[in-house]
Amino acid sequence: MVREIAMVACGGACGAMARYAVAALSNRWLTAGLPWGTFIVNTIGCFAIGVLAEYHRIKPLGIHWTLGVGIGFLGALTTFSTFAHETARLWEKGHSFHAVGNVAFNLVAGLIAVTLGIQFVRMLNP
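Residues numbered from 1 in each chain as written. Predicted model: local features only at pLDDT ≥ 70, side-chain atom pairs only at ≥ 80, totals over all residues. Heavy atoms only, no water.

Considerations on the packing of aromatic side chains
Argument step 1. All chains considered together, the criterion is met by 2 aromatic pairs.
Argument step 2. When the centroid spacing of 6.0 Å and the interplanar angle of 85° are considered together, the rings of Trp 36 and Phe 39 count as edge-to-face. Taken together, the residues span about one helical turn, with Trp 36 and Phe 39 both in helix α2 (residues 36-58) at a distance of 3 residues.
Argument step 3. A residue is classified by how much of its surface remains accessible, and Trp 36, at 28% relative accessible area, is partly exposed.
Argument step 4. With centroids separated by 5.5 Å and ring planes inclined at 50°, the aromatic side chains of Phe 80 and Phe 83 adopt a geometry described as tilted. With a gap of 3 residues between them, Phe 80 and Phe 83 both fall in helix α4 (residues 80-92), about one helical turn apart.
Argument step 5. A relative accessible area of 37% places Phe 80 in the partly exposed class.
Argument step 6. You can call Phe 83 buried: its relative accessible area is 17%. (Phe/Tyr/Trp six-rings, centres within 6.5 Å; stacked < 30°, edge-to-face > 60°. Helix = DSSP H or I, 4+ residues; strand = E, 2+ residues; numbered from the N terminus. Buried < 20%, exposed > 50% of the residue type's maximum accessible area, 1.4 Å probe, protein only.)

Quick word on helix α1 (residues 2-29)
Argument step 1. Taking 1.5 Å of rise per residue, the 28 residues of α1 would be expected to cover 40 Å, and the 40 Å separating its terminal C-alpha atoms lies within 8% of that figure.
Argument step 2. Within α1, burial applies to Met 7, Gly 11, Gly 12, Gly 15 and Ser 26.
Argument step 3. In this structure, the buried residues of α1 make contact with α2 and α3 (63-77). (Expected span 1.5 Å × (residues − 1). Contact = heavy atoms within 4.5 Å.)

Let's talk about a nonpolar patch on the surface
Argument step 1. Taken together, the side chains of Leu 107, Val 108, Leu 111, Ile 112 and Leu 116 make up a nonpolar region of the molecular surface, amounting to roughly 490 Å² of accessible area.
Argument step 2. Note that Leu 116 resides in helix α5 (residues 96-124).
Argument step 3. Judged by relative accessible area, which is 56%, Leu 116 ranks as exposed. (Patch = residues over 30% accessible without salt bridge, like charges linked within 9 Å, V, L, I, M, F, W, Y side chains within 5 Å. Areas by Shrake-Rupley, 256 points an atom, 1.4 Å probe, with all protein chains shown as cover. Salt bridge = Lys/Arg side-chain N within 4 Å of Asp/Glu carboxyl O.)

Note that all results are geometric; they support no functional claim without further evidence.
Take a look at the structure:
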């Protein structure tokens with residue numbers, strides 16, 4: 001168990017640093033107004049988890065790939081990749097209602113949660 005946690009932690013540290021680097025570089029090089037860094041890491045993360053998951057399905061990878069890269073690195077880079085993969089799997093299995101519901105539920109819940117968090121801090125610091 002300790003080894004597995006260490007793999008996730010190492011991958012997560014690298015993913016978090018990559019996320020920061022992409023955000024910093026995109027803020028410097030791209031036009032302001034849109035959160036380009038988030039868009040870039042989410043898109044790269046979705047592509048990468050698709051590649052990793054499909055390759056693993058065809059030819060099972062070692063646990064270090066699943067834990068270190070899939071959960072650790074991509075998890076820290078973006079949780080959007082996991083969300084997108086899970087939604088794609090629902091759709092692929094013929095559960096289109098659940099796939100669309102998953103998108104709607106996550107989007108609405110996320111927006112509400114962010115709004116509530118903002119309002120909570122504003123309430124504490126008028």
